[in-house]
Each structure stands twice: as structure tokens, then as C-alpha cells.
Amino acid sequence: MAYFKYQSKNIFYKEVGQGKPLILLHGDTASSTMFEMLLPLYQEDFRVILIDFLGNGKSERIDRFPPDLWISQAYQVIALIEHLNLTEVNLLGTSGGAWVAVNTALKRPDLVDKVIADSFDGRTLDKDFAKNLLKEREFAKHDTFAKQFYEWCQGEDWEYVVNLNTQALTECAEQKLPLFCEPLNTLKVPILFMGSLEDDMCRKNLREEYVEMSQQISNAKIHLFQSGGHPAIATNAELSAKVVIDFING
């Protein structure tokens, strides 16, 4: 297993395949394990790079996640890109990882070629985000499928990781912190907004939000699947892979 140092902590990463570099960025309470079953769809076209954000998966644990989590994690991605001495990297972030992908490109456009932001709420969190998150996470801790997913991604200490993530996102919402490190209209790289209209974990007006974001960016595209759950990259796996490959190579 490969690791690199970030702020004296060990962060796990993995590489498979050949071609243009494509970094896959997992969502909250998940890890790069969620992408393992999807690798055959991408590794013939790309040098696929997986990362477990600090405190998640196989990466070293920490005592607290910062409330500006998705901005903080973008710095981890930048550190990985620099560690591998790469440029013109493509980023595919799903759910929370979508914010991370956009923030990485906003902060260091010199390192990024294209971005795919999959299955996320966009510029704002719902006014009841914190309340709904606490309710959802408490239910998930007692749901067999959710617990299996958490343990699959995080290991035996999954509840510790989930609690830290819940605390950070709750603080982010309550403090009304910005979700992007720079204004969205300053994004300099091409971006594809992707998602599923039936995704009940995203905002109900996802199409409208994606359109409004796209109008602020000089080079943005949208692809929404009519069916599928959360996230699109998994629930519409083969179709998503085709869309992603066409976007990056197009």
C-alpha cells in the first residue's frame, strides 16, 4: 500500500491503469473503497488514482475534521498531485468529493485539466441541512445496509469516523461557511456537472442549480440521468463511465 505525508500524517493512495491521470474523490463517510468495483470501467483509458482523505479509509486517523472540510480536503489532493509530480490531472469527485474537486481546481488550476462534479448540491446547503443530517446519520447507524457500507469503507472504527464527519458538516452548515474557496465564476478549467434526477440525497431542483452554476462558468457542461440513485457514478456506472471518458477525451 502506498502512502504520502501530509501535515505529518499518512494519507493512503493507489494507482491503476495507464493514460491521462484521473483522480477519483470519494464522498463523506465513504473512502476510495467505494470505487474499487468501478475501476474496470476506467483503468483501460486512464491512470486512475484513488485517495482516502485524512481520517478516512486506510489513511491515518485524526481527532477532528475541520468544518471547512471540502476546502481542507482539496489541499490534500493538491499535495497528492505534487507528490506524484503530475500536471493536467483530471478530477472526478462524487457527493462531498465533488466540492473537493471544484475547490482543487479553483485553488490550483495549473495542476488540473478537467473536473467532473457528480451528485452534489452545488453552491449552498439546504437551510435544514444540519437538522436533516443529524437525523439521517442517527438512522443510518441502526440500518443494516448503511452500517455495512460504513464498515466496508472505514473499517471497525466506522462510527468514530462517521461522528467526526457529522460534527464537521453540522458546524459548516450552522456557521454558514462558504463551500468554495474562491468565487465559482473564477473557475478556469472545463467542468461537467453530473447527477441523477431521482437522487433523493441531492436537492430537488438539481437541474436548475446545475444550470445556474453553468451560467457562471465559461466552459461548463451538464449531464443528468433520468433514473438512478446516489451517486450517479455508481448507480449509472457504465453510462457514467462513457460520459466521463467522452468528456475528458473530447
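See the structure above.
Please read all numbers here as calculations on a predicted model, not as lab measurements.

Ranked by size, the top nonpolar core spans 59 residues in total, and within it Ile-23, Val-115 and Phe-120 carry the most contacts. Per-element accounting of this core gives the leading share, eight residues, to helix α1 (residues 69-83). In contact with Val-115, not counting residues within four places along its chain, are Leu-91, Ala-101, Val-102, Ala-105, Val-189, Pro-190, Ile-191, Leu-192 and Phe-247. Within the second largest apolar cluster, 26 residues are counted, among which are Met-34, Leu-38, Leu-39 and Leu-50.

Let us look at the sheet that holds strand β8 (residues 220-225). Taken in spatial order, the eight strands line up as β1-β2-β4-β3-β5-β6-β7-β8 in an open sheet, and their pairing is mixed. Of all strands in the sheet, those with a lone pairing partner are β1 (2-6) and β8, marking the two edges. Neighbour to neighbour, the strand axes of the sheet diverge by 25 degrees on average, direction disregarded. Here strand β7 (residues 191-196) pairs with β8 via six bridges, running parallel. Residue pairing in the sheet places Ser-196 in a bridge with Phe-225 of β8.

Sheet topology note: the β1/strand β2 (residues 9-16) ladder contains five bridges and is antiparallel. By the bridge assignment for β2, Ala-2 is matched with Tyr-13. Hairpin remark: β1 followed by β2, antiparallel, with two residues in the connecting loop; positive phi at Gln-7, about 50 degrees. As paired elements, β2 and strand β4 (residues 46-51) share four bridges and run antiparallel to each other. Paired with Lys-14 across the strands is Leu-50, a residue of β4.

A few words on the side chain of Glu-209. When you line up the elements, Glu-209 lands in helix α6 (residues 206-215). Using a relative accessible area of 4% as the deciding quantity, one classes Glu-209 as buried. Filtering out sequence-adjacent residues up to four positions away, Glu-209 remains in contact with Asp-121, Gly-122, Arg-123 and Arg-203.

All chains considered together, the criterion is met by 14 salt bridges. Here Arg-123 makes a salt bridge to Glu-212, at a shortest N to O gap of 2.7 Å. Placement of Arg-123 in the loop between β6 (112-118) and α3 (129-140) and of Glu-212 in helix α6 is noted, with a sequence separation of 89 residues between them. Its relative accessible area of 27% is what places Arg-123 among the partly exposed residues. On the accessibility criterion, Glu-212 (39% relative accessible area) is partly exposed. Across the pair Lys-141 and Glu-159 runs a salt bridge, and its minimum N-O distance is 3.9 Å. Placement of the pair is Lys-141 in the loop between α3 and α4 (144-154) and Glu-159 in helix α5 (residues 158-174), with a sequence separation of 18 residues.

About the thresholds
Each chain has its residues counted from 1, following the order in which its sequence is written. With the structure being a predicted model, the display of local features is reserved for residues of pLDDT at least 70 and the display and counting of side-chain atom pairs for 80 or more, all residues being used for whole-chain, interface and lining totals. Excluded from the side-chain calculation are hydrogens and water; included are all heavy atoms of the structure. Residues grouped as a nonpolar core are buried Ala, Val, Leu, Ile, Met, Phe, Trp, Tyr and Cys residues, joined through side-chain atoms within 4.5 Å. Think of it in three bands: residues with accessible area under 20% of the maximum for their type are buried, residues over 50% are exposed, and the middle band is partly exposed, with areas taken using a 1.4 Å probe on protein chains only. Comment: elements are numbered from the N terminus, with helices defined as DSSP H or I runs of at least four residues and strands as E runs of at least two. Whether two residues touch is decided by their heavy atoms; if any such pair falls within 4.5 Å, the residues are in contact. A pair of strands counts as paired when DSSP detects no fewer than two bridges linking them. Fitted lines through C-alpha atoms give the axes, limited to the stretch in contact for helices. The angle between two N-to-C directions lies from 0 to 180 degrees. Salt bridge, as used here, is a side-chain nitrogen of Lys or Arg placed within 4 Å of a carboxyl oxygen of Asp or Glu.

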